[in-house]
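Structural characterization, general
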Amino acid sequence: MSALESAQKIKAKFGDLISEPKEFRGEISVEVADAEQIAAVCEFAKRELGFNYLVDISSVDNYGEDPRWTVVYHLRDIVNVVEISIKTDLNEEKSDIPSVLPVWRTANWHEREIYDMMGIRFRGHPDLRRILMWEGYPYFPLRKDFPLAGKPSDLPGIAFTKPAPLEGGPFVTVAGGKDAISREPRIRNPEE
Amino acid sequence: MRTETEIGYNSKIEGDVVVTRVDAALNWFRKNSVWPMPMGLACCAIELMAVGASRFDISRFGSEVMRFSPRQADCMIVAGTVTYKMAMCVKRIYDQMPEPKWVIAMGACASTGGMYRSYAVLQGVDNIIPVDIYISGCPPRPEAVLDALMKLQAKISTQPILENLMAVKALQNH
């Protein structure tokens, strides 16, 4: 079964909940209209369509738009080597989505990472702790409104952070430079 | 049969005499047996392993005794990126090392944060512990680490141990 056929089967099963399959550079994706149904869709994709491996879960911050978050599930059928991705949107006020841990156990750390970096909570996750930053760190660093330099924080005896000096480099890119050499990331002092 | 008895010290039998100061002698002992605490945090640690291996051979400088316990180490070699998550651990390990102790910041990351100008990385380990020697490079060549060790030895050999001890004694008596 090809990826497109799989996508059409998901569409046939869930009807209007699922968008028309989209193809981009040979990769098929479908969108789930209601984030609450994501676990049911994933369950179906695994049990009926054989997507037995959850490659990754990624999250997108569409900063300034509503809904703000897009959560993308990358699925693979290891036996037939078929890949598909399932996307769902989530608004910022809610920031809460059912866990797919009952479907694929590997979702445990993927969901913890998204919670750590983006602040999206996964309902039903048994152990939703931060995975990269430490417990008590007050920010979610991969959000678009979080500066790369970081923000000051202090957790006495555990960790502290200070903003990093970004001025001048070492990897400053120039947007809209005339060629690749002028755009490439390098040390650039502000006055230049 | 004629016997010849020399009065005093016979250098042909007993060896030469070196006259020195206690300070200098103690420093000489210290600088040739610096026991490193390998604080390997990133790729610099791989290069540090090469320093310890046979081609570069850190034991030529008396520092082959890598101690993974801070309580048995003199010199912490911070080899790699110090993240904020790890920063307090590095500080705690440094605090557990007995005096006298020295620190070598190995590579760009440990010295300044290197290319990691970001929210997650401490911008130089000298923000939390005093650093004696900085090594440039990403990662530094093993020769550079050995050069740093020689510079550290030069620094150790000038430390006024005895004067410090006397000063402490004077303070206590006072």
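See the structure above.
Here goes a summary of the coordinates provided. (Residues numbered from 1 in each chain as written. Chains lettered and ligands numbered in written order. Predicted model: local features only at pLDDT ≥ 70, side-chain atom pairs only at ≥ 80, totals over all residues.)

For the rest of this paragraph, the subject is the overall build of chain B. Within chain B one finds seven helices and four strands. Beginning at the N terminus, the succession of helices and strands in chain B can be written as α-α-β-α-β-α-β-α-β-α-α. What you see for chain B is a C-alpha radius of gyration of 21 Å, clearly larger than the 16 Å of a compact globule of 174 residues, by over 25%. By the burial criterion, 34% of the 174 residues in chain B qualify as buried. (Helix = DSSP H or I, 4+ residues; strand = E, 2+ residues; numbered from the N terminus. Rg over C-alpha atoms; globule rule 2.2 N^0.38 Å. Buried ≥ 20, exposed ≤ 12 C-beta atoms within 10 Å, placed from the backbone.)

Attention shifts here to the overall build of chain A. Per the secondary structure count, chain A includes four helices and nine strands. Listed N to C, the secondary structure of chain A is α-β-β-α-β-β-β-β-α-β-β-β-α in terms of helices and strands. When its C-alpha atoms are laid out on the principal axes, chain A stretches across 60 × 50 × 30 Å. Counting across all 192 residues of chain A, residues that qualify as buried make up 24%. Contacts in chain A between residues at least 24 apart in sequence constitute 43% of all its contacts with a sequence separation of at least 6. (Contact = placed C-beta atoms within 7 Å.)

It is worth spelling out the interface of chain B and chain A at this point. The interface of chain B with chain A comprises 11 residues on the first partner and 16 residues on the second. Counted by class, the side of chain B that touches chain A contains six nonpolar, three polar and two charged residues. (Nonpolar A, V, L, I, M, F, W, Y, C, P; charged D, E, K, R; others polar.)

Residues and elements named next belong to chain A. In spatial order, the strands read β1-β2-β5-β4-β3; together these five strands make up an open sheet with mixed pairing. Either end of the sheet is taken by a strand with one partner, and the two such strands are β1 (22-24) and β3 (53-61). Taken over all neighbouring pairs, the strand axes of this sheet differ in orientation by 25° on average, direction set aside. Bridge analysis of β3 against strand β4 (residues 69-77) gives eight bridges, and the strand direction is antiparallel. Note on β4: the bridge partner recorded for D56 is H74. Strands in contact with helix α3 (residues 107-118) are β3 and β4; relative to β3, the strand with the most contacts, it is inclined by about 10°. (Pairing = 2+ DSSP bridges. Axes fitted to C-alpha atoms, helices over the stretch in contact; angles between N-to-C directions.)

To continue, consider the pairing of β4 of chain A. Residues and elements named next belong to chain A. Relative to strand β5 (residues 82-90), β4 runs antiparallel, the two being bridged by nine bridges. Bridging across to β5, T70 finds its partner in D89. A loop of four residues connects β4 with β5, the two strands running antiparallel in sequence, and V81 in this loop sits at a positive phi of about 50°.

In this section: the sheet that holds strand β2 (residues 75-79) of chain B. Residue and element names in this part refer to chain B. If you walk across this open sheet you meet the four strands as β1-β2-β3-β4, and the pairing is parallel. One side of each edge strand has no neighbouring strand; the edge strands of this open sheet are β1 (36-40) and β4 (133-135). When strand polarity is set aside, the average angle formed by the axes of neighbouring strands in this sheet is 15°. As paired elements, β1 and β2 share five bridges and run parallel to each other. Of the residues in β2, the one forming a bridge with M39 is V78.

Membership of the largest hydrophobic core comes to 41 residues, with the highest contact counts inside it found for M76, I77, V78, I104 and M106 of chain B. Contributing elements (two or more residues each) for this core: β1, α3 (44-52), β2, α4 (84-96), β3 (102-106), α5 (107-112), β4 and α6 (142-156) of chain B. Dropping the residues within four chain positions of it, M106 of chain B is found in contact with C44, L48, I77, V78, A79, I135, P140 and V145 of chain B. One finds I38, A45, F51 and W104 of chain A within the second-largest nonpolar core, a separate group that totals 32 residues. (Core = buried A, V, L, I, M, F, W, Y, C linked by C-beta atoms within 7 Å.)

Listed in full, the buried residues belonging to helix α2 (residues 38-47) of chain A are I38, A39, V41, C42 and A45 of chain A. Down the axis of α2 of chain A, the sector holding all buried residues measures 160°, keeping them to one side. (Arc of directions from axis to C-beta.)

A word on helix α1 (residues 3-14) of chain A. Residues and elements named next belong to chain A. For α1, which comprises 12 residues, the first-to-last C-alpha distance of 17 Å matches the rise-based estimate of 16 Å (1.5 Å per residue) to within 8%. Contacts made by the buried residues of α1 are with β2 (27-32), α2 and β5. The positive-phi residue at the C-terminal boundary of α1 is G15, with phi of around 65°. (Expected span 1.5 Å × (residues − 1).)

Let us look at the packing of α3 of chain B against α6 of chain B. Residues and elements named next belong to chain B. With their axes 9 Å apart at the nearest point, α3 and α6 run at an angle of 70° to one another. Taken together, the axes of α3 and α6 lie roughly perpendicular to each other. Where α3 abuts α6, its residues E47, L48, A50 and V51 lie against P142, V145 and L146. Of the residues contributing to the contact of α3 with α6, the split by class is six nonpolar, no polar and one charged. (Parallel < 35°, antiparallel > 145°, perpendicular 65-115°, else oblique.)

The next thing to look at is unusual backbone geometry. In this chain, D66 of chain A is followed by P67 of chain A through a cis amide linkage whose omega measures 0°. By the element assignment, P67 of chain A lies in the loop between β3 and β4. Cis rather than trans, the peptide bond between C138 of chain B and P139 of chain B has omega equal to -10°. The topology assignment puts P139 of chain B in the loop between β4 and α6. Even without glycine at this site, R25 of chain A takes up a positive phi of about 50°. Relative to the helices and strands, R25 of chain A is located in the loop between β1 and β2. Positive phi outside glycine occurs at D57 of chain B, with the angle close to 60°.

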